[in-house]
Amino acid sequence: MFIRNTWYVAAWDHEVTKEGLFTRTIIGEPVLMYRKQDGEIVAMQDRCCHRGAPLSVGRREGDCVRCMYHGLKFDDAGQCVEAPAQKRIPIQAKVRTYPIVQRHRWIWVWMGDPAKADESLIPDTQWLDHPDWRSLDGYIHYDVNYLLICDNLLDFSHLPFVHPTTLGGGADYAASQPKVDRIDNGVRITRWALDIDPPPFAAAVKEWGGKVDRWNIYNFTIPALLLMDSGMAPTGQGAEQGNREGAIEFRGCQAITPETETSTHYFFAHPHNFSIDKPDVTRTIHDAVVAAFDEDRDIITAQQNSLALAPDFKMVAFGIDAALNQFRWAVSKRLAEEAAELATEDAAKTPAATSSVAPAAVPATEKA
């Protein structure tokens, strides 16, 4: 089950063009995306209403799409406007469309009730295209359930063990205790590790001459979005109190979008605000992040395969699981709320049943 009434990252801006057709499955639904000639993005179900063939193997005709099975042509609202040899096109010959918005280089799609698609709910990811920050685009496909990736991102104590040569920071980092706060639609995690060795990726872009104070402060919100203020400064200068002189800073943007129950899209960038005129520094940071995320994928995929062999396996809870437990609780709460709303809407659409037949008597053996 997936939350439907929320914005999901569906693509990077460059993936959807004026010339072609782009498809990606989001929470189990194939979504076709393309740009009209004026640059506006269209998103519709990638399935012809006639015989279910994917429209993504069709062709563009201006701002319309033609299915290349039986030739039906759909406009940007999903309505069939042409059907060969048909004098009359059924009014129900229509493909579902989705609210879609491009903002700060990410393309967001709303998979639920279009009437509830409030653009003000799209999180702020301004660092992806801000002139004072630099990053490269990242995407990884996982063959795992998206919540296992969320678990990984909600507990950074794994860094020294999964990422010893990339993002790791030694056992001292794992021993630092995060502060976990519940927010409206997820959790906020604050983690400081003081007087530790700089991790390898930071040592590669700056000569520190000693130890550092490192922070990771981030919101992890529904549906599965991590926005992080992170960095490090020379130890002892008061970074924890706000003095970031001589620090290197990042604004991590990571979006986990479920594809199916057992596969996930992972969009990410790691913007930095130093050496922004040096592309080699940006590339070094990006490559280190990609290498680390590949390490995450290896261990999480192994975990998924292990769990698939033991569907009744019960995980043993530890104190370090506080953030991931709270986030999973928030997801479960939203799923329950959506299910209740849907049940109420369905009940309102169904006329009350009436009958003149008296209820059958309950046999004596079944009476309370």
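Refer to the structure printed above.
Throughout what follows, the structure given in this document is the object of discussion. Keep in mind that this is a model prediction, so the values were computed, not measured. As a convention, each chain's residues are numbered from 1 in the sequence order in which they are written. For this predicted model, a pLDDT threshold of at least 70 governs which residues receive local features, and a threshold of 80 or more governs which side-chain atom pairs are given and counted, while totals over whole chains, interfaces and linings are taken from all residues. With hydrogens and water stripped out, all remaining heavy atoms of the structure feed into the side-chain values.

### Thoughts on the overall build of the chain
Think of it this way: any DSSP run of H or I at least four residues long counts as a helix, any run of E at least two long counts as a strand, and we number them from the N terminus. Along the chain, the regular secondary structure elements total six helices and 17 strands. Referenced to the eigenvectors of the C-alpha coordinate spread, the extents of the chain come out at roughly 85 × 70 × 40 Å. Buried positions account for 47% of the 368 residues belonging to the chain. Note on contacts: a residue pair is in contact if any heavy atoms of the two residues lie within 4.5 Å. A sequence separation of at least 24 residues applies to 57% of the contacts in the chain between residues at least 6 apart. Here the accessible surface of atoms and residues is derived via Shrake-Rupley with a 1.4 Å probe, and residues count as covered only by protein chains that are part of the display. Accessible surface for the chain amounts to roughly 18400 Å². Of this, 53% is attributable to carbon and sulfur atoms. Residue burial is assigned from relative accessible area. The probe radius is 1.4 Å, only protein chains are included, and a residue is buried under 20% of its type maximum, exposed over 50%, and partly exposed in between.

### Digging into the sheet that holds strand β5 (residues 59-61)
Here a strand pair is declared whenever DSSP counts at least two bridges between the two strands. In spatial order, the strands read β5-β6-β7-β8; together these four strands make up an open sheet with antiparallel pairing. The sheet is open, and its two edges are formed by β5 and β8 (80-82), each paired on a single side. Pairing between strand β7 (residues 73-74) and β8: two bridges, direction antiparallel. Residue Phe-74 lies in a different strand from β8, and its bridge partner there is Cys-80.

### Side note on a nonpolar patch on the surface
Note on patches: the residues involved have over 30% relative accessible area and no salt bridge, like charges join within 9 Å, and the nonpolar side chains Val, Leu, Ile, Met, Phe, Trp and Tyr join within 5 Å. Within this document, salt bridges are pairs made up of a side-chain nitrogen of Lys or Arg and a carboxyl oxygen of Asp or Glu, the two lying within 4 Å of each other. Among the surface-exposed residues, Val-316, Phe-318 and Ile-320 lie close enough to one another that they form a single nonpolar patch of about 340 Å² accessible area. Examined against the element boundaries, Phe-318 turns out to sit in the loop between α5 (279-308) and α6 (322-349). Judged by relative accessible area, which is 57%, Phe-318 ranks as exposed.

### Thoughts on the packing of helix α1 (residues 146-153) against α6
In a packed pair of helices, the relevant descriptors are the angle between the two axes and the axis-to-axis distance. Following both chains from N to C, one finds α1 and α6 inclined at 145 degrees, their axes separated by 9 Å at the closest point. The way α1 lies across α6 gives a crossing that is right-handed. On the side of α1, the interface is formed by Tyr-146, Leu-147, Leu-148, Cys-150 and Asp-151, while α6 contributes Leu-324, Phe-327, Arg-328 and Val-331. A per-class count over the contact of α1 with α6 returns seven nonpolar, no polar and two charged. Interaxial angles span 0 to 180 degrees and are taken between N-to-C directions of axes, which are lines fitted to C-alpha atoms, for helices over the stretch in contact. Throughout, a crossing is termed right-handed when the near helix is turned clockwise from the far one, and left-handed when it is turned anticlockwise from it by less than a right angle. Under the scheme applied here, ten amino acids are nonpolar (Ala, Val, Leu, Ile, Met, Phe, Trp, Tyr, Cys and Pro), four are charged (Asp, Glu, Lys and Arg), and all others, including Gly, are polar.

### Observations concerning the sheet that holds strand β10 (residues 106-110)
Read across the sheet, three strands follow the order β1-β10-β9 without closing on themselves; strand pairing throughout is antiparallel. Strands at the two margins of the open sheet, each flanked by one partner only, are β1 (7-12) and β9 (100-103). Put simply, the sheet's adjacent strands are angled 30 degrees from each other on average, direction ignored. Taken together, the four bridges between β9 and β10 define a ladder with antiparallel strand orientation. Its bridge partner being in β10, Gln-102 is matched across the sheet by Ile-107.

### Brief notes about α6
One full turn of an α-helix is made of 3.6 residues, so residues set three or four places apart face in the same direction. Multiplying 1.5 Å by the helix residue count minus one yields the expected span of that helix. With 28 residues, α6 should cover 40 Å at 1.5 Å per step; its first-to-last C-alpha distance of 41 Å lies within 8% of that length. Along α6, the residues classified as buried are Ala-323, Leu-324, Phe-327, Ala-330, Val-331, Leu-335 and Glu-338.

### Describing the nonpolar core
If you look at the biggest cluster of nonpolar residues, it comprises 65 residues, and the most contacted ones within it are Leu-154 and Phe-220. If we ignore the near neighbours within four places in the chain, the residues touching Phe-220 are Cys-150, Leu-153, Leu-154, Asn-185, Gly-186, Val-187, Leu-225, Leu-226, Ile-256 and Phe-327. Joining through side-chain atoms within 4.5 Å is the link that ties buried Ala, Val, Leu, Ile, Met, Phe, Trp, Tyr and Cys residues into a set, and such a set is a nonpolar core. Counting 17 residues, the second largest nonpolar core, distinct from the first, contains Trp-127, Leu-128, Cys-253 and Ala-255.

### Points about α5
Here α5 spans 42 Å end to end across 30 residues, near enough to the 44 Å set by a 1.5 Å rise per residue. Restricting attention to buried positions, one finds in α5 the residues Val-281, Thr-282, Ile-285, His-286, Ala-288, Val-289, Ala-292, Phe-293, Asp-296, Ile-300 and Gln-304. As for α5, its buried residues are in contact with β11 (138-142), α1, α2 (159-162), α4 (200-203), β16 (248-260) and β17 (263-269).

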